[in-house]
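These are the residues of each chain, in order.
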Amino acid sequence: MKLKPKMMLGIGIPLVLAFLIMGIAIYSMASSALRESTSASLEEMSQHYAHEIDSVVRANVAVVDSVGKIWEGALPVGEDMQAEINSLAKSDGMLSFYFCLPDWTYAASNTMRDGWDPRTRDWYKSAVAADGKTVVSEAYMASSSGKPVITISRAVKKNGEILGVIGANISLDTVADLLKDVKVGETGTLYVLGSSSEYIYHHGHSVEEKMTEVDGGSSKELVKRMMSGKVETIEDQFRGVDRFFAVSPIRSTGWTMVVSIPQKEAFEDVAHMSYMLAGICVLTLLILLAITYCFLGSATTPIARLSALAERIAGGDLSMQIPASARTDEIGILHNNNAKMLAAMRDMVADTGKAADQVSSSSEELTTSANQTAQASQSAAESVVSIAE
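None of these values were measured; they are calculated from a predicted model. (Residues numbered from 1 in each chain as written. Predicted model: local features only at pLDDT ≥ 70, side-chain atom pairs only at ≥ 80, totals over all residues. Heavy atoms only, no water.)

*Asks:* Kindly report on the overall build of the protein, identifying the contributing residues and their values.
*Replies:* Counting its secondary structure elements, the protein contains 8 helices and 11 strands. For the protein, the C-alpha radius of gyration of 53 Å lies well beyond 21 Å, the compact-globule estimate for 389 residues. In terms of principal-axis extent, the alpha carbons of the protein reach across some 195 × 40 × 35 Å. Scored against the burial criterion, the 389 residues of the protein give a buried share of 36%. Counting only contacts in the protein whose residues sit at least 6 apart along the sequence, the fraction spanning at least 24 positions is 54%. (Helix = DSSP H or I, 4+ residues; strand = E, 2+ residues; numbered from the N terminus. Rg over C-alpha atoms; globule rule 2.2 N^0.38 Å. Buried < 20%, exposed > 50% of the residue type's maximum accessible area, 1.4 Å probe, protein only. Contact = heavy atoms within 4.5 Å.)

Shown next, in the form of structure tokens:
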């Protein structure tokens, strides 16, 4: 392999690896940051609406508790009782208000069905057992209105004797009004679970359904984690989709506020960013490789030319001319040194030729002298012979 491809591989491979590692690191950091941001955003939304619902319930609890304390001091009767009950029933979010006596008679803001006995109701029993504390019932369908409600109840006592039980039905439509227009991303959902995982609010389920029972009970473990009483974000799968679940407890009721969004939707920005990052990395890498290619070309092309000249010189061809280079780097120095070397070799060959010519000339002179000497010797010999005869 020639020098240029070797250098391209030697530089290109580390560059590719560096950009790959950098891209993975940036993607990982962006994913982690977005995960934390999504978690914080969903938890903030969950806490906000949990607080809104809690405030509505606590306000009605305060009303019932205040009335109970007042009536323990002076219990109204007859028309005064009915007037106060009718007035209290007009409070925000309140569907009905009633006061139930131990003999099962009662005064109510609306007409109850025949045979209705409040003493058989869980909210009545809980209030009696709570020893003067105000209690909030689980959600249920009210028989009088057919609407989902909770009942806030409190026993009214005097000298340890139960005078009656206050009950206030709070419509869950109040919760729905708070949440129905809330949008969570493009496909996210927001709902409220009761203490038994019943749907206090959900756009597709009623209060008579429980999340632990939908889809054959496949979500029991998820619901258990949701109802831990902590503000947290849970990552889990629901109906085959990986989702974020931000949960916040609603303290006054034992409910749980849930804000959920698919992870795919949450990470769309990261996916988009990763595509942009990949494009930028590829473009930058190509630019760097092009610059490297040009740089290597400026270094290897002169070397290749000098190599070809050296090959011709090695073959005995000293006829070419190497012009001086204006470059001041190592390549320019090598180029000029090769030009000097060629000029020196050409001069050396010329000097050698002159010396050879001189040697040849001297040799010819010596040959002529030798011939003349031989002829003289022969003439002398012939003269001697002649004299001898």
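*Asks:* Any chance you could break down the nonpolar core for me, citing the residues and the numbers?
*Replies:* Burial of nonpolar side chains together is a common tendency in soluble globular proteins. In terms of nonpolar packing, the biggest core is built from 45 residues, with W71, F97 and V192 touching the most fellow members. Tallying contributions element by element places helix α1 (residues 3-73) first for this core, with 10 residues. With residues near it in sequence (within four places) discarded, F97 still touches V64, V67, W71, I85, L88, A89, A107, A108, S109, I166, G167 and A168. Counting 13 residues, the second-largest nonpolar core is a separate cluster that includes Y199, V214, I234 and V258. (Core = buried A, V, L, I, M, F, W, Y, C linked by side-chain atoms within 4.5 Å.)

*Asks:* Account for the pattern of salt bridges, with residues named and values stated.
*Replies:* Pairing between side chains of opposite charge can happen when the charged atoms of each approach one another. Under the defined criterion, the tally for this structure stands at 9 salt bridges. One salt bridge in this structure joins R154 and D65, with 3.0 Å as the shortest N-O distance. Remark: D65 occurs in helix α1 and R154 occurs in strand β5 (residues 148-158); sequence separation between them is 89 residues. Note on D65: relative accessible area 21%, which makes it partly exposed. Here D215 ties to R239 by a salt bridge, and the two come within 2.6 Å at their closest N and O atoms. Of this pair, D215 sits in the loop between β8 (199-201) and α5 (220-226) while R239 sits in the loop between β9 (232-238) and β10 (241-250), and the two are 24 residues apart along the sequence. Taking relative accessible area as the criterion, D215 reaches 42% and is therefore assigned partly exposed. Taking the relative accessible area as the measure of exposure, R239 reaches 51% and is therefore exposed. (Salt bridge = Lys/Arg side-chain N within 4 Å of Asp/Glu carboxyl O.)

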